[in-house]
Amino acid sequence: MSAPGPDLREQVIDIARDAAAAILEVYEHSFDVAHKSDASPLTAADLAAHRIIDAGLRALGHGWPVLSEEGASIPWETRRRWQRYWLVDPLDGTREFVKRNGEFTVNIALIDAGEPVMGVVLAPVGGMLWHGLRGEGAFQRRIGAADLPLRTRAPATGTLHVAASRSHRDPRTEALLSRIGDTQTVGLGSSLKFCRIAEGAMDVYPRFGPTSEWDTAAAQCVLECAGGAVIAPDGRPFRYNQRDTLLNGDFLALGDPGLPWRTWLE
């Protein structure tokens, strides 16, 4: 199977921009908030973005399945046979969307043999775009500007800048922060945390607690293409569609993979 190229990436970026426009149509007016069975919020913007992305990716004609947070549930017996597929969070950070703080994103990843090989992350508010393509690197794109290559801060020395969830903080995260030592924390919503590490503005994002595979895949690709890593606590690379659940385990996102992360987990 041939590697995805820049032309496909640009097509996916166009789809993400269409979804972002639909999200802003809802964001700029009053909207209702429903709740799913897990109590997470759901808005018309989530559903509108899902419909646009699902239709857009299928129209590309590759025949790769689409797994979206807002799509139909797909049994493991079907998913386990997938080699290449799209993994989508149409609106990552719905809680931030409801708070109207702008910290939400559109996330589209292409997964090949469990590995994210293309990732597009778009912030509808402001239009900032981050994208990564395995073998081509990671880039930031402002509206009307050329791509800016991204590299993480490595080696990371001195005070470590830690991206911390604005909506999810727990005792294990607080304990890890104390073991790291000299840190400065910044609260951010959605997949923006990965993107800030890819830019070199942040160094570490620890996550202990539930996330889903569509929450992380696109931004993981951006970060890894910029020189970083996303790893499980045992050091294994973070991979997708490996088991019947779509919930992620714990992870650390690192700008500098050489940081002494094992000692932080002891």
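Residues numbered from 1 in each chain as written. Predicted model: local features only at pLDDT ≥ 70, side-chain atom pairs only at ≥ 80, totals over all residues. Heavy atoms only, no water.

*Asks:* What is the right way to read unusual backbone geometry from this model?
*Replies:* With the exception of glycine, the majority of residues adopt a negative phi angle, and the majority of peptide bonds are in the trans configuration. For the peptide bond that leads from Ala154 to Pro155, omega is 0 degrees, which places it in the cis range. In this structure, Pro155 sits in the loop between strand S9 (148-149) and strand S10 (160-165). Here Arg100, not a glycine, exhibits a phi torsion of approximately 60 degrees, which is positive. Considering the arrangement of structural elements, one finds Arg100 in the loop between helix H4 (94-99) and strand S5 (105-112). According to the relative accessible area criterion, Arg100 is partly exposed, its value standing at 41%. Unlike most non-glycine residues, Asn241 shows phi in positive territory, near 55 degrees. (Helix = DSSP H or I, 4+ residues; strand = E, 2+ residues; numbered from the N terminus. Buried < 20%, exposed > 50% of the residue type's maximum accessible area, 1.4 Å probe, protein only.)

*Asks:* Looking at this structure, how should I read the sheet that holds strand S3 (residues 66-68)?
*Replies:* Across a sheet, strands are paired by hydrogen bonds formed along the backbone, either parallel or antiparallel in direction. The sheet built from 7 strands is open, its strands ordered S3-S4-S5-S6-S7-S8-S9 with mixed pairing. In this open sheet, the two edge strands, each paired with only one partner strand, are S3 and S9. In the sheet, S5 pairs with strand S6 (residues 115-122) via 7 bridges, with the strands oriented antiparallel. Paired with Ala109 across the two strands is Gly119, which belongs to S6. Strands in contact with helix H2 (residues 44-59) are S3, strand S4 (84-92) and S5; relative to S4, the strand with the most contacts, it is inclined by about 155 degrees. Against the sheet, helix H6 (residues 192-199) makes contact with S5, S6, strand S7 (129-133) and strand S8 (137-141), and its axis sits at roughly 75 degrees relative to S7, the strand it touches most. (Pairing = 2+ DSSP bridges. Contact = heavy atoms within 4.5 Å. Axes fitted to C-alpha atoms, helices over the stretch in contact; angles between N-to-C directions.)

*Asks:* I tried to follow the side chain of Glu224 on my own but got confused; where do I start?
*Replies:* Along the chain, the position of Glu224 falls in helix H7 (residues 213-225). By relative accessible area, which is 17% here, Glu224 ends up buried. Among residues more than four places away in sequence, those in contact with Glu224 are Arg134, Ala229 and Val230.

*Asks:* How should the packing of helix H1 (residues 6-27) against H2 be read in this particular structure?
*Replies:* When two helices pack together, their arrangement is captured by the angle between the axes and the distance separating the axes. At a minimum axis separation of 8 Å, H1 and H2 run at an interaxial angle of 160 degrees. In this view, H1 runs roughly antiparallel relative to H2, as classed from their interaxial angle. The interaxial crossing formed by H1 with H2 has right-handed handedness. Where H1 abuts H2, its residues Val12, Ile15, Asp18, Ala19, Ala22, Ile23 and Val26 lie against Ala44, Ala45, Ala48, Ala49, Ile52, Ile53, Gly56 and Leu57. (Parallel < 35°, antiparallel > 145°, perpendicular 65-115°, else oblique. Left-handed = near helix turned anticlockwise from the far one by under 90°.)

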